[in-house]
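Observations on the model geometry
Residue strings, one per chain:
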Amino acid sequence: MQKIATIIGTTGVGKSQLGVELCKALGGQIINADAMQVYRGLDIITNKMPLNERQGIPHHLMDFLDPEEEYKVTEFKRDATQCIDQLTKEHQLPVVVGGTNYYVQSLLYQNSLIKDEQTEDAYSRSPSPEPMPELDALQTTELYSRLQEIDPIMANKWHPSNRRKIIRSLQVYYQIGRKQSDIIKEQQEHHQIHGSQARFKSLVFWLYADPSKLNPRLDDRVGTMIETGLFDEIKQLRKQVLLGQVNIPGQDLEIYQRGLWQAIGYKEFDPYFTALETNSTDQDGLSKIREECTERMKAATRRYAKRQVQWIRNKLLPTVWNSQKSDVMVYLLDAGDLKEWDTNVRQKAIEITKAFQADEELPVPQDLSETAKTMLTRNHIQDTQTRILTWKNHTCPVCKTDKGDQVILYGDIEWEQHRKSRWHRKSIKNKKLEEIKHKHSLEGMVS
Ligand SMILES: [Zn+2]
């Protein structure tokens, strides 16, 4: 089995840097697994590592596609596999640097993704294949009760006010003719029967920084991107849309789902450039809009980072841990403190990779650091399907809403949070006080 190293983790955590460091130390080359960085040029909006920082290490599958082209996961899988074959022949270590989750997973595992993709198309990709105006016209409560009849499992999973999810579940039923929860069940069984077969012997480094440390870094990076020319790139992209060089059927909404136009920043700065292009606002108004857009881009970046971690914890780790063979090993490296990068990240990664290449015994992932121990626990980690199928809502026995209704918590996490909340603790305290009062009044009656 061919050996590869893979680096995953959120945007802005230093994956590209570690990739170069590993390649330099061990004689390797980078294979890019970021769906945005396949595009030619536009280095800032796609977060490409500057050429001078790549230190002469070849980067494959990067910088080769025109903005209007699309690069499907199957194409990525084919090209990356060829690349790995070639590098292995040349005795170079293939180092996959991932930003796009489904690219990475499709490369690491044999049969996990194809089915996932179809199912995911069916229930979680947006926009949905065909809009259904007849559903859009209905009230959310009505949609919800419809879903309760059609697919109670999914109705239980979604919050009754989560209109978007409710509509999607209904769409799956009306358009595919099957209950969404049945599709998920089938997917789960498929996973249990077939497991997921690793395609390579892979060492996976999960570069992790706690959000409290990562988020300020991400915010700063947005500032730097703006200073170094983000707006020129957005202008260039907008020009292409205006000139009709990009063929977009339908409306603006759709463009953000496709190719390079999904890049964080493009959509977020639309109000600013629209104001600029139409000359509709004065300088003050303009800088206010610019400020708002900047905040929007920062928020979108943080959300993206959060989703990336969720994928690792909810999809990748269960897949790794559920497979019988340990062909894929995941190591978390703590990149929270940049001053400790050399010890906590670079040296550890090199050491482990050396042992991996020499077929020596590898360390236990949880032993690497306190953070690794915390983040690589198996409790609380469940695959998405299991989570949906075992979803439980809780009714709090003590708390009441302003209207006097019972309080419902959607899912175990919400329930846990609620139990720790000030509101809940106060309700318990009040209840106890009432009980004591009640007891005293009873005692008063006796004496
Ligand atoms: Zn409560």
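Details of the structure are given in the entry above.
The structure contained in this document is the topic of the report that follows. (Residues numbered from 1 in each chain as written. Predicted model: local features only at pLDDT ≥ 70, side-chain atom pairs only at ≥ 80, totals over all residues. Heavy atoms only, no water.)

Moving on, we get to the nonpolar core. In terms of nonpolar packing, the biggest core is built from 93 residues, with F205, W206, L230 and F269 touching the most fellow members. For this core, the element with the most residues is helix α14 (residues 283-322), which contributes 11 residues. Residues in contact with L230, not counting those within four places in the same chain, are I44, I45, M225, F269 and M297. Formed by 15 residues, the second largest nonpolar core is a distinct cluster that contains L135, L143, Y144 and L170. (Core = buried A, V, L, I, M, F, W, Y, C linked by side-chain atoms within 4.5 Å. Buried < 20%, exposed > 50% of the residue type's maximum accessible area, 1.4 Å probe, protein only. Helix = DSSP H or I, 4+ residues; strand = E, 2+ residues; numbered from the N terminus. Contact = heavy atoms within 4.5 Å.)

Moving on to the coordination of the zinc ion. Donor atoms from the polypeptide that bind the zinc ion are C396 (SG), C399 (SG), H418 (NE2) and H424 (ND1), placed at 1.9 to 2.3 Å. Note that the zinc ion binds 4 donor atoms; their angles at the metal cover 103 to 116°, and the shape is tetrahedral. Counting gaps between the donor residues of the zinc ion yields the pattern C-x2-C-x18-H-x5-H. In this pair, C399 sits in strand β7 (residues 393-400) while H418 sits in helix α18 (residues 412-420), placing the two residues 19 residues apart along the sequence. (Donors = N, O, S within 2.8 Å, 3.2 Å for Na, K, Ca; no water. Tetrahedral: all angles 85-135°; square planar, octahedral: opposite > 155°, others 65-115°.)

Turning to the sheet that holds strand β3 (residues 59-60), a few remarks are in order. Ordered by their spatial adjacency, 6 strands build an open sheet running β3-β2-β4-β1-β5-β6, and the pairing between neighbours is parallel. The sheet is open, and its two borders are formed by β3 and β6 (328-334), each paired with just one other strand. As paired elements, strand β2 (residues 28-33) and strand β4 (residues 93-98) share 6 bridges and run parallel to each other. For Q29, the partnering residue across the bridge sits in β4 and is P94. The sheet contacts of helix α2 (residues 73-89) involve β1 (3-9), β2, β3 and β4, and relative to β2 the element is tilted by about 180°. (Pairing = 2+ DSSP bridges. Axes fitted to C-alpha atoms, helices over the stretch in contact; angles between N-to-C directions.)

Turning to helix α3 (residues 101-108), a few remarks are in order. Among the 8 residues of α3, 7 are classified as buried, and the element is accordingly described as predominantly covered. Among the residues making up α3, those that are buried are N101, Y103, V104, Q105, S106, L107 and L108.

As for its placement among the helices and strands, N32 is situated in strand β2. Looking at N32, its side chain comes within polar contact range of the main-chain nitrogen of D34, at 2.9 Å. (Polar contact = N/O pair within 3.5 Å; in protein donor to acceptor, adjacent residues only side chain to side chain.)

Now for unusual backbone geometry. Residue L42 is not a glycine yet carries a positive backbone phi of 45°. Position of L42 relative to the elements: it lies in the loop between β2 and β3. Here D63, not a glycine, exhibits a phi torsion of approximately 65°, which is positive. Looking at the element boundaries, D63 is found in the loop between β3 and α2.

Its place among the elements puts I183 in helix α9 (residues 180-194). Residues I183 and V172, 11 residues apart in the sequence, show an inter-C-alpha distance of 9.6 Å.

Taken together, R422, R425, K426 and K429 make up a surface patch of like positive charges. Along the chain, R425 falls in helix α19 (residues 422-446). (Patch = residues over 30% accessible without salt bridge, like charges linked within 9 Å, V, L, I, M, F, W, Y side chains within 5 Å. Areas by Shrake-Rupley, 256 points an atom, 1.4 Å probe, with all protein chains shown as cover. Salt bridge = Lys/Arg side-chain N within 4 Å of Asp/Glu carboxyl O. Lys, Arg positive; Asp, Glu negative; His and termini not counted. Charge placed at Lys NZ, Arg CZ, Asp CG, Glu CD.)

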